[in-house]
Amino acid sequence: MVVKIEWIVVLAIVATIGLSFTLKFQDITRPKGDSKELEFSNMVLTEVNTTAVVSQAFAKSGKQENGILTLEHITYKKLGENEIVANKGIYTKDNIILKGDVKIHQKGGFVYSTQEALYNPKNKTFSSPTPFVATMGKNTFSGAKLDYDLQKEEAKSQKIHAVIFNEEKK
């Protein structure tokens, strides 16, 4: 008995079509209430211009939900200038809300420490509604809240307490 190849091909096509009608495919959908758009770990964002690297942001983990980017254990370095470190960073439209062990390391050795802060990269302003401590070597400044202009290097505060050591002239 000889079977023609055409009949084998026709039977294979019919079997494939019949099988495809019996299988049910479902689109993968997100569960209701899940608004997570993006999730990542060990992230590095690098800002560059035409000649060099301008700044870098590092985060241990993060996610974006409803258009709000939340980063854990964040470090932002403006190369040659400042470094901002915090346990948590929340990016909104124009501001970054920093929470938990927030520190600004400024060139020249000045360090600001607080628990909560608001950083505006466009205006280069940093404000803390919570008590802060600023140090430079042995010099220590503390206050109830802080408004700091990173570009002008001007700080305004309330309820200031300071310990300042001056150099002895020889």
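## Thoughts on the confidence of the model for the chain
Taken residue by residue, the chain gives an average pLDDT of 83. The fraction at 70 or more is 89%. Per-element averaging of pLDDT across the chain places helix α1 (residues 5–22) at the bottom with 80 and strand β6 (residues 111–120) at the top with 90.

## Some remarks on the pairing of strand β4 (residues 82–91)
The side chains of a regular strand alternate, first on one face of the sheet and then on the other. Relative to β4, strand β3 (residues 68–78) is paired through eight bridges, and the arrangement is antiparallel. Following the sheet pairing, Thr75 is matched in β4 by Val85. From the end of β3 to the start of β4, which pair antiparallel, there are three residues, and Gly80 there has a positive phi angle of about 80°. Note that β4 and strand β5 (residues 96–106) share eight bridges and pair antiparallel. Of the residues in β5, the one forming a bridge with Gly89 is Leu98.

## Quick notes on the packing of aromatic side chains
For any pair of aromatic rings, the description consists of the separation of the ring centres together with the inter-plane angle of the planes. A full pass over the atoms with the stated rule returns four aromatic pairs. Taken together, a centroid distance of 5.0 Å and an interplanar angle of 75° make the contact between Phe110 and Tyr112 edge-to-face. Tyr112 carries the same exposure label as Phe110, and that label is buried. Where Tyr112 meets Tyr148, the ring centres are 4.7 Å apart and the plane angle is 40°; that geometry is what we call tilted. Remark: Tyr148 occurs in strand β10 (residues 145–149) and Tyr112 occurs in strand β6; sequence separation between them is 36 residues. Following the ring pairs from residue to residue traces out a cluster consisting of Phe110, Tyr112, Phe141 and Tyr148.

Calculation rules
- All residue numbers refer to position in the chain's written sequence, counted from 1.
- The model is predicted, so local features are restricted to residues of pLDDT at least 70 and side-chain atom pairs to those at 80 or more, both for listing and for counting; the totals for chains, interfaces and linings are taken over all residues.
- Excluded from the side-chain calculation are hydrogens and water; included are all heavy atoms of the structure.
- The predictor's confidence in any single residue is recorded as pLDDT, a number from 0 to 100.
- Here a helix means four or more residues in a row that DSSP labels H or I, a strand means two or more in a row labelled E, and each is numbered from the N terminus.
- Strands were regarded as paired on the criterion that DSSP finds at least two bridges between them.
- Here a Phe, Tyr or Trp ring, Trp counted by its six-membered ring, pairs with any other such ring whose centre lies within 6.5 Å, and the pair is stacked when the planes are under 30 degrees apart, edge-to-face when over 60, and tilted otherwise.
- Each residue is assigned to one of three classes by its accessible area relative to the maximum for its type, calculated with a 1.4 Å probe on protein chains only: buried under 20%, partly exposed between the two thresholds, exposed over 50%.

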